[in-house]
Amino acid sequence: MQLAREPRYILATDVGSTTTKARFFGKVNGEWRFLASGEAPTTVEKPVEDVTKGVRNSVREVEELTGHRIIDYSSEELRFIMPYLGGKTGIDVYVSTSSAGGGLQMLVAGVVKSITAESAQRAALGAGAIVMDVLAIDDGREAHEKINILRFLRPDIVLLAGGTDGGDKTHVIEMAEIIAVAKPRPRFGITFRLPVVYAGNKDAREDLRRILNPDFFDVRMVDNIRPQIEIERVEPARNAILELFMEHVMAHAPGYEKLRKLVSTEIMPTPAAEGLMIRTFAEMRRVNVIGVGMGGATTNVYSVFDGRFLRTVSANLGMSYSIGNVLKEAGLENIMRWIPLELAEDEVMSIIYNKMIRPTTIPMTLEDLIVEHAVARESIRMAFNHHKYLARELKGVKRERTISDIFEEVKAEETYIDMKRVDYIIGTGGLLSRAPRRAQSMMILIDSFQPIGFTYIMQDSVFMIPHLGVLSKIYREIALEIFEKECLVPLGTVVAAAGVGAVGEKVADIVVEYSSSEKETYELSFGSIIRIPLSQHKEATITVNPTRKFDFGAGYGKKVSRRVRGGVVGVVLDGRGRPLYIPQNRGERRKLLLQWFRSMDLYPEKVLS
Amino acid sequence: MSEESFAYTPGLAVTSLTYVRRERSLPIKGEILVSKGQEVDFDTIVGRCYLEGQPFIVKVAELLGVEPEEVHRYLKVRVGDRVSRGGVLASYTAFLGLIKRGVESPVDGVVEAFNELTGHLTIRTPPRPIELRAYIGGIVERVIPGESVVIGTPAAFVQGIIGFGGERHGKIELAVSSNRDVLEAKDIEEYHAGKIVIGGSLATYETLEKAKRVGVVGLVVGGVKITDLERFLGYRIGVAITGREDIGFTLILTEGFGKLPMSEKAFSVFEEHQNFEAAINGATQVRAGVIRPEVIIPKKEKVVPESLGPLGEGRMKIDSIVRIIRYPYFGEIGTVVELPVELRKIETESPVRVVKVRLQDGRVVTVPRANVEIISE
């Protein structure tokens, strides 16, 4: 399909597992604008079994709202009026993402858990997959246990890696043998062959062809993910996964062949598109970004740090279908620590489990809302821990060491994401965009990521990051323009300290300078928060002079000054320490939480008193 | 003010007469044992297949202490051979018999493969027969040879919100006199063994234990306290994908967690069908392609399947009867009096689409449309 050089109207859809979401964009007075949205139930399942019907219904809603004609009604099959014909008729571009049918589900296998299996996991996650399990020769499970896992799970694709090029190949062959005897069946179809991407030692390719019977497996050979121990190359495996996703997974989902004929560029898995947009933003602005997508079933975390992109998905951490699992994984006490109300433990559990079985309901009382926000904090916290686990330096690499490295030794084993150098945190997902007060989303993001120093926080207004991500493949500038102007709500800057003290102890003297003649000074004490209103179009210079126990990014006790931007919430001075100080004692904890909630004007006073 | 609107949350299907079809599929290709038009009972075996046996990898090279490429010299079996547990697969003798090593088969099975690169043998156990039962009584409507059958029957049908335990069948037996009654342990008696017991608003932990001890087939009740349920299951629930629990019977909650009266309609369907043989299944999947637990009570009535409307969905209109499905009005039933078009702020300050409902006690409350389900139009 030929692309318009200067498009005027763009339609994008996301075919989600339950809802198909259409977003309509247009160029108005020289600027790109988000014009309207339409939503309709996804029609991938019986009785309709044709995704284009749900797409048609969602686009029809856009037509009704805007009066713009998009669908060509002369045809029984879904067709769009393309290109734009002038007036309110037609569009130039149509793009789509999809996570219908549960998205892309993969199984990853490697030789050494912390080397190839970990690299393979990064490749699968980067392609937008949910990783069902990671098998490795040294994962502590016997061969028959691995076989059982393979037989029980029904992955869409298997990614197999292991060994460096020219190195030992017996272990990767052993893993192939396990896969071959287990004969895992794919999710779709009785006769369909299971796709296997092989990204291991290239010398083992011929052996693998022999072991993995072509009657059962469709094997694709790509470049080794770890050609040498100190090199990780995930791109070829990631691309092969995306190709197979289109060929196998999408092709077996009803109606996708028709949808593929309509799009201006290939359909992308929703999380891959979401990641691409965040990556584009970070690259073009040359900043470090952390993003989180909170879904009903999963929580996706993205990071672009010093140019390195990583996406992880925590498959069973979410705010509706998976909300019970957040409770299970986090533990009730970790949920309760964010709730300063007189709610008994079993009441909190009932609210959470009743939400799980009726996931489309929304909180009607402030108590319910506060419970959901507590779960959200834990869900993001755990998903971010999972993310940091994979955001590590390559394992198995021998490093030359200097004296300074020895002092840094512990750190080198940890994540490369340095919270002091994160410039932006971006949140997306229903819970954040539906939060009645923006301060609530900002606080949820601060509490779960715990940034240090100066960090700007944003959230999406209407769910459209995946739409813009797939659009960025063909119109990067347009996607970025809409992303910054229409998609993101600037919440504000958080200024926070690392360190721990006693409640009430001085953390820093802070001067906020709005202009040469207008300034305010604050004394920030440990365990407190100060919210300063500063609108999104205003800036101020903030100078922090911390005591020796605290570090605002420049070092402990070191003065730091930065120009900051406001937002709909403003500037938040966070003196609660890092790791965030939450008292063990219930009474003290409640008192402190209420103080934070009030400082942030988080909820109506009636629920707090 | 709009006249009607789709309910965001599809209601659970509850009816004393509908036409139920259930597709019964073999996990892999096999043999269908019934034919179109045949009458089947709950336990009729409608299909059979053989699941490939479990593979076992025997690391012969490592066990003999020889290089993989040498293993073939010591093998006592060939690909395709049948072997018994303890039978010798390979043996190695050196130094005039001073060193002897042997490798035995861990299972009965067939030698499926030998890998020269690793020196490993694969032994696969014999295929396991899987029998597929009808699950409901009815008529075989359609047969896909080797794969599946569709069985249909006129039936009363009740869906629950979440269940535990799989497919079973038994006679319906009410153990309480009202949908609001608590089902106590003493209400379950020895004669309930083999039956599907119907309770009211709550079953306690002791009730669940008693039901298990007595040997009921199923228990259907409005709610259970989440803490009691977890104590009974012995673990914390994670994701709402259920149906494989081994708890001795099948448990269905029609409303949710807590003390919640069973919907009057569901209770009256059970009352009407005391002593009817019914199928019960706790399998639940609260995600796309949602599966809810169910009780199917086959009946002999003659109905034209297509004359019955769809279940559990429909438009919400003025005068529709709805049930509120979230606190603080959870379980309350009322009549729709207004469907405002514009978004309204609720207590949480969220602007949402709302519906005004007159409750049975005369109060009119405003609730999010997402938080009601239609009981009848």
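Thresholds, definitions, all that
- Residues numbered from 1 in each chain as written.
- Chains lettered and ligands numbered in written order.
- Predicted model: local features only at pLDDT ≥ 70, side-chain atom pairs only at ≥ 80, totals over all residues.
- Helix = DSSP H or I, 4+ residues; strand = E, 2+ residues; numbered from the N terminus.
- Rg over C-alpha atoms; globule rule 2.2 N^0.38 Å.
- Buried ≥ 20, exposed ≤ 12 C-beta atoms within 10 Å, placed from the backbone.
- Contact = placed C-beta atoms within 7 Å.
- Nonpolar A, V, L, I, M, F, W, Y, C, P; charged D, E, K, R; others polar.
- Pairing = 2+ DSSP bridges.
- Axes fitted to C-alpha atoms, helices over the stretch in contact; angles between N-to-C directions.
- Parallel < 35°, antiparallel > 145°, perpendicular 65-115°, else oblique.
- Domains from an automatic or database assignment.
- Core = buried A, V, L, I, M, F, W, Y, C linked by C-beta atoms within 7 Å.

Student: Please clarify how the overall build of chain A should be interpreted in this entry.
Tutor: Per the secondary structure count, chain A includes 20 helices and 22 strands. The C-alpha radius of gyration computed for chain A amounts to 25 Å, which stays within 12% of the reference 25 Å derived for 609 residues, consistent with globular compactness. Once the C-alpha set of chain A is aligned to its principal axes, its extents read approximately 75 × 65 × 50 Å.

Student: Hey, could you run me through unusual backbone geometry in this one?
Tutor: Residues other than glycine predominantly adopt negative phi, and peptide bonds predominantly adopt the trans conformation. Residue A:Pro83 is bonded to the preceding A:Met82 through a cis peptide linkage, with omega at 0 degrees. By the secondary structure assignment, A:Pro83 is in the loop between α1 (51–66) and β4 (93–98). Omega for the bond connecting A:Arg578 with A:Pro579 falls within 30 degrees of zero, at -5 degrees, which places this linkage in the cis form. Positionally, A:Pro579 belongs in the loop between β22 (570–574) and α19 (586–599). For B:Asp319, which is not a glycine, the phi torsion comes out positive at approximately 80 degrees. Within the secondary structure layout, B:Asp319 lies in the loop between β26 (315–317) and β27 (321–324). Phi is positive for B:Glu349, which is not a glycine, with a value near 80 degrees. Within the secondary structure, B:Glu349 sits in the loop between β29 (344–345) and β30 (351–352). Judged by C-beta crowding, with 14 C-beta atoms within 10 Å, B:Glu349 ranks as partly exposed.

Student: How do you make sense of the interface of chain A and chain B when you look at a structure like this?
Tutor: Accessible area lost upon the coming together of the parts is a frequently used measure of interface size. At the interface, 44 residues of chain A touch 42 residues of chain B. Those elements that provide at least two residues to the side of chain A that touches chain B are α3 (143–152), α4 (170–182), α9 (323–330), α11 (345–357) and α12 (366–390) of chain A. Classifying every residue of the side of chain A that touches chain B gives 20 nonpolar, 14 polar and 10 charged.

Student: Just to check I follow, could you spell out the sheet that holds strand β5 (residues 104–110) of chain A for this structure?
Tutor: Residue and element names in this part refer to chain A. Strand order in the open sheet made by the five strands is β6-β5-β7-β8-β9, with parallel pairing throughout. Strands at the two margins of the open sheet, each flanked by one partner only, are β6 (129–136) and β9 (217–221). Pairs of neighbouring strands in the sheet enclose a mean axial angle of 20 degrees, with direction left out of account. Both strand β7 (residues 157–160) and strand β8 (residues 194–198) contribute to a ladder of three bridges, which runs parallel. Its bridge partner lying in β8, Leu-160 is registered against Tyr-198.

Student: Just to check I follow, could you spell out α9(A) for this structure?
Tutor: An α-helix turns once per 3.6 residues; consequently, residues spaced three or four apart project the same way. Along α9(A), the positions that sit buried rather than exposed are A:Ile323, A:Gly324, A:Asn325, A:Val326 and A:Leu327. At the exit of α9(A) stands A:Gly331, carrying a positive phi of roughly 90 degrees.

Student: Looking at this model, I keep getting lost on the packing of helix α8 (residues 270–285) of chain A against helix α18 (residues 476–487) of chain A. Mind explaining?
Tutor: Relative orientation and spacing of two packed helices are given, respectively, by the angle between their axes and the distance between those axes. Residues and elements named next belong to chain A. The N-to-C vectors of α8 and α18 enclose an angle of 95 degrees; their axes lie 10 Å apart at closest approach. Regarding the angle of α8 to α18, the classification is roughly perpendicular. Here Met-277, Thr-280, Phe-281 and Met-284 of α8 lie close against α18, whose contacting residues are Arg-476, Ala-479, Leu-480 and Phe-483. For the contact of α8 with α18, the per-class residue count stands at six nonpolar, one polar and one charged.

Student: Whenever I open this one, the domain arrangement of chain A confuses me. Can you help?
Tutor: Residues and elements named next belong to chain A. Here the domain parsing of chain A yields domain 1 (9–100), domain 2 (103–256) and domain 3 (289–608). With eight residues of domain 1 in contact, the opposing surface of domain 2 contributes six residues. Of the residues assigned to the side of domain 1 that touches domain 2, the class counts are three nonpolar, three polar and two charged.

Student: Help me understand the nonpolar core, please; the structure alone is not making it clear to me.
Tutor: One recurring pattern in soluble globular proteins is that nonpolar side chains are buried together. Core analysis: the largest hydrophobic core is formed by 270 residues, its most contacted members being A:Ala124, A:Leu159, A:Ile179, A:Val197 and A:Ile241. The residues contacting A:Leu159, other than those within four sequence positions of it, are A:Met106, A:Val108, A:Ala120, A:Ala123, A:Ala124, A:Val197, A:Ala199, A:Ala237 and A:Ile241. Formed by 15 residues, the second largest nonpolar core is a distinct cluster that contains B:Val322, B:Ile324, B:Val354 and B:Val355.

Student: Explanation requested: the domain arrangement of chain B in the structure shown.
Tutor: As assigned here, chain B comprises domain 1 (14–49 + 133–298), domain 2 (55–124) and domain 3 (314–376). Just the C-alpha atoms count here: the centres of domain 1 of chain B and domain 2 of chain B sit 49 Å apart.

Student: Is there a simple way to think about the sheet that holds strand β19 (residues 529–532) of chain A in this case?
Tutor: Two orientations exist for strands paired in a sheet by backbone hydrogen bonds: parallel and antiparallel. Residue and element names in this part refer to chain A. One open sheet accounts for eight strands, arranged β13-β12-β11-β14-β15-β16-β22-β19; its pairing is mixed. Whereas interior strands pair on both sides, the edge strands pair on one side only; in this sheet they are β13 (308–314) and β19. The mean inter-strand angle of the sheet, taken between neighbouring strand axes irrespective of direction, is 20 degrees. Bridge count for strand β11 (residues 289–294) against strand β12 (residues 299–305) is six bridges, and the pairing is antiparallel. Within β12, the residue paired with Ile-290 across the bridge is Ser-303. Packed onto the sheet, α12 meets β11, β12 and β13 and runs at close to 130 degrees relative to β13.

Student: Explanation requested: the environment of A:Val51 in the structure shown.
Tutor: Take A:Val51: it is sitting in helix α1. For the pair A:Val51 and A:Glu257, spaced 206 residues apart in the sequence, the C-alpha separation amounts to 9.7 Å.

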